[in-house]
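# Per-entry structural report
So you can see what is in the structure, the chains are spelled out below.
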Amino acid sequence: MTFDPRTAYLSDDEAARLYVRHPGLGRSYVDYCPTCNKAGTYIWRGVEQACDCELQLQLAKIYFAAGIGLTYQRLDWGDFQGADEVVAGVAKYIENHQSYISRGVGLFFTGPFGIGKSMLATLALKEFVKLGYRCYATTFAQTIEAFTSTWGRDGKANQEFFQDKFLYSEVLLLDDLGRELSGTTKLSESTFDTILRQRVSAGRPTFLTTNLTMSQLERGYGGAVLSLLREKSVVFEFTGEDFRPKANRRELDEIALGEVRPII
(Lines give C-alpha, C1' and ligand atoms only; values in the text may rest on other atoms or scores of the structure.)
Protein backbone atom coordinates (compact mmCIF):
# COMPACT_ATOMS: atom_id res chain seq x y z
CA MET A 1 0.00 0.00 0.00
CA THR A 2 1.10 3.55 -0.70
CA PHE A 3 0.04 6.28 1.69
CA ASP A 4 0.31 10.00 0.98
CA PRO A 5 -1.18 12.09 3.81
CA ARG A 6 -1.43 15.12 1.53
CA THR A 7 -3.98 13.37 -0.65
CA ALA A 8 -5.61 11.10 1.94
CA TYR A 9 -8.81 13.09 2.10
CA LEU A 10 -11.67 12.27 4.46
CA SER A 11 -15.19 11.55 3.27
CA ASP A 12 -17.68 14.40 3.59
CA ASP A 13 -19.51 12.66 6.46
CA GLU A 14 -16.31 11.88 8.31
CA ALA A 15 -14.98 15.41 7.84
CA ALA A 16 -18.23 16.96 9.07
CA ARG A 17 -18.22 14.78 12.19
CA LEU A 18 -14.56 15.61 12.85
CA TYR A 19 -14.94 19.38 12.39
CA VAL A 20 -17.73 19.52 14.96
CA ARG A 21 -15.30 18.23 17.59
CA HIS A 22 -12.21 20.03 16.24
CA PRO A 23 -13.29 23.19 14.37
CA GLY A 24 -9.72 24.30 13.63
CA LEU A 25 -9.17 21.26 11.45
CA GLY A 26 -11.75 22.54 8.98
CA ARG A 27 -9.60 25.55 8.12
CA SER A 28 -6.97 25.76 5.38
CA TYR A 29 -3.32 25.17 6.25
CA VAL A 30 -2.76 28.70 4.93
CA ASP A 31 -4.66 29.99 7.98
CA TYR A 32 -4.14 27.28 10.61
CA CYS A 33 -1.41 24.90 11.75
CA PRO A 34 -1.70 22.62 14.82
CA THR A 35 2.07 22.68 15.36
CA CYS A 36 3.59 26.10 14.63
CA ASN A 37 0.36 28.12 14.94
CA LYS A 38 1.36 29.77 11.62
CA ALA A 39 4.66 31.07 12.98
CA GLY A 40 6.37 29.15 10.18
CA THR A 41 8.91 27.52 12.49
CA TYR A 42 9.05 25.70 15.81
CA ILE A 43 11.79 24.57 18.20
CA TRP A 44 12.31 20.83 18.61
CA ARG A 45 15.30 19.13 20.22
CA GLY A 46 17.07 22.45 20.49
CA VAL A 47 16.87 23.24 16.78
CA GLU A 48 14.59 25.64 14.93
CA GLN A 49 12.58 23.62 12.42
CA ALA A 50 10.77 24.86 9.32
CA CYS A 51 7.13 23.81 9.65
CA ASP A 52 5.34 21.95 6.87
CA CYS A 53 1.92 23.28 7.85
CA GLU A 54 0.05 21.40 5.13
CA LEU A 55 1.49 18.06 6.23
CA GLN A 56 0.92 18.78 9.94
CA LEU A 57 -2.73 19.67 9.36
CA GLN A 58 -3.37 16.68 7.12
CA LEU A 59 -1.76 14.26 9.57
CA ALA A 60 -3.83 15.74 12.40
CA LYS A 61 -7.04 15.19 10.42
CA ILE A 62 -6.14 11.63 9.50
CA TYR A 63 -5.11 10.68 13.02
CA PHE A 64 -8.11 12.31 14.68
CA ALA A 65 -10.42 10.54 12.22
CA ALA A 66 -8.70 7.30 13.27
CA GLY A 67 -9.42 8.07 16.93
CA ILE A 68 -5.78 8.93 17.76
CA GLY A 69 -5.56 11.95 20.07
CA LEU A 70 -3.09 14.81 19.77
CA THR A 71 -0.75 13.58 22.52
CA TYR A 72 -0.15 10.27 20.76
CA GLN A 73 0.02 11.98 17.38
CA ARG A 74 3.23 13.66 18.55
CA LEU A 75 4.90 10.63 20.14
CA ASP A 76 7.39 8.32 18.44
CA TRP A 77 9.11 5.02 19.23
CA GLY A 78 11.88 6.72 21.17
CA ASP A 79 9.34 7.81 23.78
CA PHE A 80 8.56 4.24 24.82
CA GLN A 81 10.50 3.28 27.95
CA GLY A 82 9.58 -0.38 28.17
CA ALA A 83 11.38 -3.63 27.40
CA ASP A 84 13.35 -3.82 24.16
CA GLU A 85 12.06 -7.30 23.43
CA VAL A 86 8.47 -6.04 23.39
CA VAL A 87 9.40 -3.30 20.92
CA ALA A 88 11.22 -5.87 18.81
CA GLY A 89 8.17 -8.14 18.82
CA VAL A 90 5.83 -5.36 17.75
CA ALA A 91 8.33 -4.23 15.10
CA LYS A 92 8.35 -7.79 13.73
CA TYR A 93 4.56 -7.73 13.59
CA ILE A 94 4.61 -4.46 11.64
CA GLU A 95 7.36 -5.67 9.31
CA ASN A 96 5.33 -8.78 8.48
CA HIS A 97 2.01 -6.95 8.58
CA GLN A 98 0.59 -8.44 5.40
CA SER A 99 0.82 -11.97 6.78
CA TYR A 100 -0.75 -11.04 10.12
CA ILE A 101 -3.45 -8.81 8.64
CA SER A 102 -4.44 -11.35 6.01
CA ARG A 103 -5.00 -13.92 8.77
CA GLY A 104 -6.84 -11.50 11.06
CA VAL A 105 -4.22 -11.80 13.82
CA GLY A 106 -3.97 -8.77 16.12
CA LEU A 107 -2.00 -7.68 19.18
CA PHE A 108 -2.94 -8.21 22.83
CA PHE A 109 -1.08 -6.25 25.53
CA THR A 110 -1.52 -7.11 29.22
CA GLY A 111 0.13 -5.71 32.33
CA PRO A 112 -0.18 -3.14 35.14
CA PHE A 113 -0.86 0.58 34.86
CA GLY A 114 1.57 3.10 33.44
CA ILE A 115 4.08 0.87 31.66
CA GLY A 116 3.31 1.87 28.08
CA LYS A 117 0.68 -0.55 26.77
CA SER A 118 -1.54 2.17 25.31
CA MET A 119 1.43 4.09 23.94
CA LEU A 120 2.93 1.09 22.15
CA ALA A 121 -0.43 -0.06 20.79
CA THR A 122 -1.13 3.43 19.45
CA LEU A 123 2.35 3.79 17.95
CA ALA A 124 1.75 0.49 16.16
CA LEU A 125 -1.65 1.70 14.96
CA LYS A 126 -0.07 4.90 13.61
CA GLU A 127 2.22 2.74 11.49
CA PHE A 128 -0.80 0.98 10.03
CA VAL A 129 -2.48 4.30 9.32
CA LYS A 130 0.65 5.33 7.40
CA LEU A 131 0.61 2.01 5.57
CA GLY A 132 -2.81 2.96 4.22
CA TYR A 133 -5.05 0.74 6.36
CA ARG A 134 -8.40 1.98 7.62
CA CYS A 135 -7.83 2.15 11.38
CA TYR A 136 -9.70 3.25 14.47
CA ALA A 137 -8.62 3.62 18.11
CA THR A 138 -11.00 3.84 21.05
CA THR A 139 -11.33 2.84 24.67
CA PHE A 140 -13.65 0.00 25.51
CA ALA A 141 -15.75 2.34 27.67
CA GLN A 142 -16.28 4.50 24.57
CA THR A 143 -17.16 1.36 22.66
CA ILE A 144 -20.00 0.66 25.09
CA GLU A 145 -21.20 4.26 24.69
CA ALA A 146 -21.08 4.03 20.89
CA PHE A 147 -22.92 0.70 20.93
CA THR A 148 -25.74 1.94 23.16
CA SER A 149 -26.07 5.16 21.10
CA THR A 150 -27.41 3.04 18.25
CA TRP A 151 -30.57 2.50 20.29
CA GLY A 152 -31.55 6.18 20.54
CA ARG A 153 -33.24 8.82 18.42
CA ASP A 154 -30.26 9.10 16.07
CA GLY A 155 -29.87 5.35 16.04
CA LYS A 156 -29.48 4.88 12.28
CA ALA A 157 -26.66 7.39 11.88
CA ASN A 158 -24.95 6.13 15.03
CA GLN A 159 -25.34 2.55 13.86
CA GLU A 160 -23.62 3.38 10.58
CA PHE A 161 -20.77 5.04 12.48
CA PHE A 162 -20.48 2.08 14.86
CA GLN A 163 -20.38 -0.45 12.06
CA ASP A 164 -17.91 1.57 10.00
CA LYS A 165 -15.43 2.15 12.82
CA PHE A 166 -15.84 -0.79 15.18
CA LEU A 167 -16.74 -3.61 12.82
CA TYR A 168 -15.35 -2.67 9.42
CA SER A 169 -12.07 -0.91 10.24
CA GLU A 170 -9.22 -2.98 8.88
CA VAL A 171 -7.40 -2.57 12.21
CA LEU A 172 -9.21 -1.68 15.45
CA LEU A 173 -7.55 -0.70 18.73
CA LEU A 174 -9.65 -1.29 21.86
CA ASP A 175 -7.72 0.34 24.69
CA ASP A 176 -8.14 -0.29 28.41
CA LEU A 177 -10.35 -3.36 28.15
CA GLY A 178 -12.06 -4.11 31.47
CA ARG A 179 -12.21 -0.68 33.10
CA GLU A 180 -15.92 -0.45 32.28
CA LEU A 181 -16.82 -3.81 33.86
CA SER A 182 -18.08 -2.48 37.20
CA GLY A 183 -21.87 -2.58 37.11
CA THR A 184 -22.13 -3.30 33.37
CA THR A 185 -20.81 -6.82 33.08
CA LYS A 186 -23.55 -8.30 30.86
CA LEU A 187 -23.57 -5.36 28.48
CA SER A 188 -19.78 -5.35 28.29
CA GLU A 189 -19.68 -9.07 27.62
CA SER A 190 -22.32 -8.93 24.87
CA THR A 191 -20.75 -5.88 23.22
CA PHE A 192 -17.26 -7.37 23.25
CA ASP A 193 -18.60 -10.68 21.99
CA THR A 194 -20.43 -8.94 19.13
CA ILE A 195 -17.42 -6.95 18.02
CA LEU A 196 -14.76 -9.62 18.41
CA ARG A 197 -16.73 -12.44 16.81
CA GLN A 198 -17.69 -10.34 13.79
CA ARG A 199 -14.15 -9.10 13.34
CA VAL A 200 -12.67 -12.59 13.69
CA SER A 201 -15.23 -13.98 11.26
CA ALA A 202 -14.36 -11.25 8.74
CA GLY A 203 -10.60 -11.71 9.25
CA ARG A 204 -10.07 -8.20 10.66
CA PRO A 205 -7.38 -7.93 13.38
CA THR A 206 -7.94 -6.17 16.68
CA PHE A 207 -5.37 -4.59 19.00
CA LEU A 208 -6.30 -4.75 22.69
CA THR A 209 -4.76 -3.47 25.93
CA THR A 210 -5.84 -4.36 29.44
CA ASN A 211 -4.70 -4.07 33.04
CA LEU A 212 -6.62 -7.22 33.94
CA THR A 213 -5.24 -10.72 34.34
CA MET A 214 -6.46 -13.55 32.14
CA SER A 215 -8.62 -14.94 34.95
CA GLN A 216 -10.22 -11.51 35.49
CA LEU A 217 -10.92 -11.20 31.77
CA GLU A 218 -12.50 -14.63 31.74
CA ARG A 219 -14.81 -13.72 34.62
CA GLY A 220 -15.76 -10.46 32.93
CA TYR A 221 -16.25 -11.57 29.33
CA GLY A 222 -16.51 -15.36 29.39
CA GLY A 223 -14.13 -18.16 28.52
CA ALA A 224 -15.32 -18.53 24.91
CA VAL A 225 -14.49 -14.96 23.98
CA LEU A 226 -11.15 -15.09 25.78
CA SER A 227 -10.26 -18.28 23.92
CA LEU A 228 -11.12 -16.61 20.63
CA LEU A 229 -8.98 -13.62 21.57
CA ARG A 230 -5.97 -15.79 22.38
CA GLU A 231 -6.36 -17.67 19.11
CA LYS A 232 -6.28 -14.49 17.02
CA SER A 233 -3.63 -12.42 18.83
CA VAL A 234 0.07 -12.10 19.39
CA VAL A 235 0.19 -11.71 23.19
CA PHE A 236 2.69 -9.47 24.99
CA GLU A 237 2.80 -9.39 28.80
CA PHE A 238 4.26 -6.08 30.00
CA THR A 239 6.29 -5.69 33.19
CA GLY A 240 8.18 -2.82 34.77
CA GLU A 241 7.60 0.41 36.64
CA ASP A 242 5.15 3.23 36.01
CA PHE A 243 7.06 5.69 33.83
CA ARG A 244 4.34 8.35 33.72
CA PRO A 245 6.21 10.50 36.29
CA LYS A 246 9.25 10.42 34.00
CA ALA A 247 7.07 11.33 31.01
CA ASN A 248 5.63 14.24 33.00
CA ARG A 249 9.10 15.56 33.81
CA ARG A 250 10.12 15.26 30.17
CA GLU A 251 7.07 17.19 29.02
CA LEU A 252 7.59 19.96 31.59
CA ASP A 253 11.23 20.25 30.51
CA GLU A 254 10.15 20.61 26.87
CA ILE A 255 7.67 23.33 27.80
CA ALA A 256 10.33 25.20 29.78
CA LEU A 257 12.62 25.10 26.74
CA GLY A 258 9.86 26.35 24.44
CA GLU A 259 9.96 23.15 22.41
CA VAL A 260 7.07 21.89 20.29
CA ARG A 261 6.69 18.29 19.17
CA PRO A 262 5.65 17.83 15.53
CA ILE A 263 2.90 15.45 14.48
CA ILE A 264 4.62 12.37 13.04
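Structure report, in brief. (Residues numbered from 1 in each chain as written. Predicted model: local features only at pLDDT ≥ 70, side-chain atom pairs only at ≥ 80, totals over all residues. Heavy atoms only, no water.)

This brings us to the environment of Ile264. Mapped onto the fold, Ile264 is located in the segment after helix H12 (244–256). Each C-alpha atom of the pair Ile264 and Trp44 lies 13 Å from the other, and the pair is 220 residues apart in sequence. When near neighbours in sequence (up to four residues on either side) are disregarded, Ile264 contacts Tyr63, Gln73, Arg74, Leu75, Asp76, Lys126 and Lys130. (Helix = DSSP H or I, 4+ residues; strand = E, 2+ residues; numbered from the N terminus. Contact = heavy atoms within 4.5 Å.)

Another point: helix H10 (residues 214–221). Those residues of H10 that fall on the buried side of the exposure criterion are Leu217, Gly220 and Tyr221. All buried residues of H10 fall inside an arc of 75° around its axis, so they share one side. Gly222 sits one or two positions beyond H10 and adopts a positive phi of about 100°. (Buried < 20%, exposed > 50% of the residue type's maximum accessible area, 1.4 Å probe, protein only. Arc of directions from axis to C-beta.)

Which parts of space are left empty comes out when a probe the size of a water molecule is rolled across the atoms. Estimated volume of the largest pocket: approximately 740 Å³. Of all the secondary-structure elements, those providing two or more residues to the lining of the largest pocket are helix H3 (70–73), helix H6 (117–130), strand E5 (171–177), strand E6 (206–210) and H12. With seven residues, the single largest contributor to the lining of the largest pocket is H12. Its residues assigned to classes, the lining of the largest pocket comprises ten nonpolar, eight polar and eleven charged. (1 Å grid on protein atoms, 1.4 Å probe; cavity = no way out; pocket = protein on both sides within 12 Å on 5 of 7 lines; lining within 4 Å. Points joined across faces, edges and corners; volume = space filled by probe spheres on them. Nonpolar A, V, L, I, M, F, W, Y, C, P; charged D, E, K, R; others polar.)

Attention shifts here to the packing of helix H1 (residues 12–21) against helix H2 (residues 53–65). Running from N to C, H1 and H2 cross one another at 100°; their axes reach a closest spacing of 10 Å. Between H1 and H2, the angle falls in the class roughly perpendicular. Of H2, the residues touching H1 (which contributes Glu14, Leu18, Tyr19 and Arg21) are Lys61, Phe64 and Ala65. Looking at the contact of H1 with H2 residue by residue, the classes come out as four nonpolar, no polar and three charged. (Axes fitted to C-alpha atoms, helices over the stretch in contact; angles between N-to-C directions. Parallel < 35°, antiparallel > 145°, perpendicular 65-115°, else oblique.)

Core analysis: the biggest nonpolar cluster contains 38 residues, and Val90, Phe128 and Phe207 have the highest contact counts within it. Where this core is concerned, the elements lending two or more residues are H2, helix H4 (84–95), strand E3 (106–110), H6, strand E4 (135–139) and E5. Looking at this core element by element, the count peaks at eight residues for H6. With residues near it in sequence (within four places) discarded, Phe128 still touches Tyr93, Ile94, His97, Ile101, Tyr133, Cys135, Val171 and Phe207. (Core = buried A, V, L, I, M, F, W, Y, C linked by side-chain atoms within 4.5 Å.)

Positive phi, normally seen in glycine, also occurs at Arg45, with a value near 55°. On the secondary structure map, Arg45 appears in the loop between strand E1 (41–44) and strand E2 (47–50). Classification of Arg45 by relative accessible area gives exposed; the value is 56%. A positive phi is found at Asp176, a non-glycine position, where the angle reads about 65°. Note that Asp176 resides in strand E5. On the basis of relative accessible area, Asp176 is assigned to the buried category, the value being 16%.

Ordered by their spatial adjacency, five strands build an open sheet running E4-E5-E6-E3-E7, and the pairing between neighbours is parallel. The open sheet terminates on both sides in strands that have one partner only, identified here as E4 and strand E7 (233–237). Averaged over all neighbouring strand pairs, the angle between strand axes comes to 10°, with direction disregarded. Relative to E6, E3 runs parallel, the two being bridged by four bridges. By the bridge assignment, Leu107 is partnered in E6 with Phe207. In the packing of H6 onto the sheet, contacts are made with E3, E4, E5 and E6, and the angle to E6 comes to roughly 165°. Docked against the sheet, helix H7 (residues 140–149) engages E4 and E5, running at close to 100° with respect to E4. (Pairing = 2+ DSSP bridges.)

With respect to the helices and strands, the residue Ser118 is situated in helix H6. Within the structure, Ser118 has its side chain in polar contact with the side chain of Asp175 (distance 2.7 Å). Once residues lying within four places of it in the same chain are set aside, the contact partners of Ser118 are Tyr72, Asp175 and Thr209. (Polar contact = N/O pair within 3.5 Å; in protein donor to acceptor, adjacent residues only side chain to side chain.)

Quick look at empty space enclosed by the protein now. Inspection of the entire model under this criterion finds two cavities of 30 Å³ or more. Taken as a whole, the largest cavity encloses approximately 50 Å³ of empty space. In terms of lining, the largest cavity is formed by Glu14, Arg17, Leu18, Arg21, Ala65, Tyr136, Phe161 and Lys165. Listed by contribution, the elements that provide at least two residues to the lining of the largest cavity are H1 and helix H8 (155–167). When residues in the lining of the largest cavity are grouped by element, the largest group, four residues, is from H1. Considering only residue class, the lining of the largest cavity consists of four nonpolar, no polar and four charged. Roughly 40 Å³ of internal volume is contained in the second largest cavity. Along the walls of the second largest cavity sit Gly104, Leu196, Val200, Arg204, Pro205, Thr206, Leu229, Lys232 and Ser233, which together make up its complete lining. Considering only residue class, the lining of the second largest cavity consists of four nonpolar, three polar and two charged.

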